[in-house]
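So the chains spell out like this:
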Amino acid sequence: TKKSLAQAAATIADVKNILTSSNLAKLKISSKDRSISPEQEAILIKNLKPWTEANLMLNKTVNISAEMNDFEAVEYASKIKNVLNKCGFEANLSTRMSLFKGEIPTGLEVFTGGTMNFSNSNPPESLVAIINAFDVAGIKIQRIGIYANVPANGIVTIKVWHKPEE
C-alpha cells in the first residue's frame with residue numbers, strides 16, 4: 001500500500017546513496033595523484049646532487065614532457081622537474097598533444113638517444129644516475145631506452161604518461 005511503497009522508495013534511495021558514496025570513495029582512492037614524497041625527494045637529492053657537482057663538464061639537461069590534457073601527469077612532471085633542478089640538473093618541462101593513434105602509454109619512460117652497441121658504447125652517465133636514484137627512491141620507471149632515432153647528445157628525456165592502473 002502507500003506506506004509500503006513509501007518505505008520501498010526510501011530503501012531504494014538509501015541503497016542508491018550508499019552505492020554512490022561507495023563509488024565516490026573508490027574513485028577518490030583510485031584517482032590519487034602521483035607524487036614525490038619528502039622522503040623520496042631527500043633520497044633523490046642525496047643520490048643525484050653529488051653526481052651533478054662531480055660531473056661539471058657532462059650534459060645535465062633533462063627534458064620532461066607530459067600530455068597537456070592530462071592534468072595529473074603535468075603536475076607529476078612538474079614535481080619531477082623541480083626536484084631534478086634542486087639536484088643540479090637543467091630540467092625543462094613541456095606539454096604536448098599525443099600523436100598516438102592507439103592506446104597512450106602509462107607510467108614513466110626514461111630514455112636518451114644513440115645506439116646501444118655493447119662492444120664500444122655506454123649509456124650516458126646522467127641516464128644511469130637518474131635511473132639508479134629513482135630506483136633507490138622507489139619511483140617506478142615503466143620503460144627505459146636508448147633510441148637510435150633520437151640524437152645522441154647526452155640529453156635525458158623523461159616522458160610522464162598517463163597514471164598506470166594500481
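Let me begin by describing the structure that accompanies this report.

Quick notes on the rules
Residues numbered from 1 in each chain as written. Predicted model: local features only at pLDDT ≥ 70, side-chain atom pairs only at ≥ 80, totals over all residues. Heavy atoms only, no water. Salt bridge = Lys/Arg side-chain N within 4 Å of Asp/Glu carboxyl O. Helix = DSSP H or I, 4+ residues; strand = E, 2+ residues; numbered from the N terminus. Buried < 20%, exposed > 50% of the residue type's maximum accessible area, 1.4 Å probe, protein only. Expected span 1.5 Å × (residues − 1). Contact = heavy atoms within 4.5 Å. Phe/Tyr/Trp six-rings, centres within 6.5 Å; stacked < 30°, edge-to-face > 60°.

1. Focus on the pattern of salt bridges
Line of reasoning, step 1. This model, assessed by the stated rule, comprises 4 salt bridges.
Line of reasoning, step 2. Ionic pairing is found between Glu41 and Lys86, a salt bridge with its closest N-O pair at 2.7 Å. One end of the pair, Glu41, is in helix 2 (residues 38-54); the other, Lys86, is in helix 3 (residues 71-86), with 45 residues separating them in the sequence.
Line of reasoning, step 3. Taking relative accessible area as the criterion, Lys86 reaches 46% and is therefore assigned partly exposed.
Line of reasoning, step 4. Between Lys49 and Glu53 there is a salt bridge, and its shortest N-O distance comes to 4.0 Å. Of this pair, Lys49 and Glu53 both sit in helix 2, separated by 4 residues, roughly a single helical turn.

2. Regarding helix 4 (residues 125-137)
Line of reasoning, step 1. The terminal C-alpha atoms of helix 4, which comprises 13 residues, lie 18 Å apart, in line with the 18 Å expected from a rise of 1.5 Å per residue.
Line of reasoning, step 2. For helix 4, the complete set of buried residues consists of Ser126, Leu127, Ala129, Ile130, Ile131, Ala133, Phe134 and Ala137.
Line of reasoning, step 3. Here the buried face of helix 4 lies against helix 2, strand 1 (61-67), helix 3, strand 3 (108-113), strand 4 (143-147) and strand 5 (156-160).
Line of reasoning, step 4. Just downstream of helix 4 lies Gly138, where phi reads positive at about 80°.

3. Examining the packing of aromatic side chains
Line of reasoning, step 1. Counted under the stated rule, the structure contains 2 aromatic pairs.
Line of reasoning, step 2. Seen from their ring centres, Trp51 and Phe89 are 5.8 Å apart, and the 10° between their planes marks the pair as stacked. One end of the pair, Trp51, is in helix 2; the other, Phe89, is in the loop between helix 3 and strand 2 (90-96), and 38 residues separate them in sequence. Assigned by exposure class, Trp51 and Phe89 land together as buried.
Line of reasoning, step 3. Look at Phe111 and Tyr147: their rings are 4.9 Å apart centre to centre, the planes differ by 40°, and that puts the pair in the tilted class.

It is worth stressing that arrangement in space is one thing and function is another; only the former is reported here.
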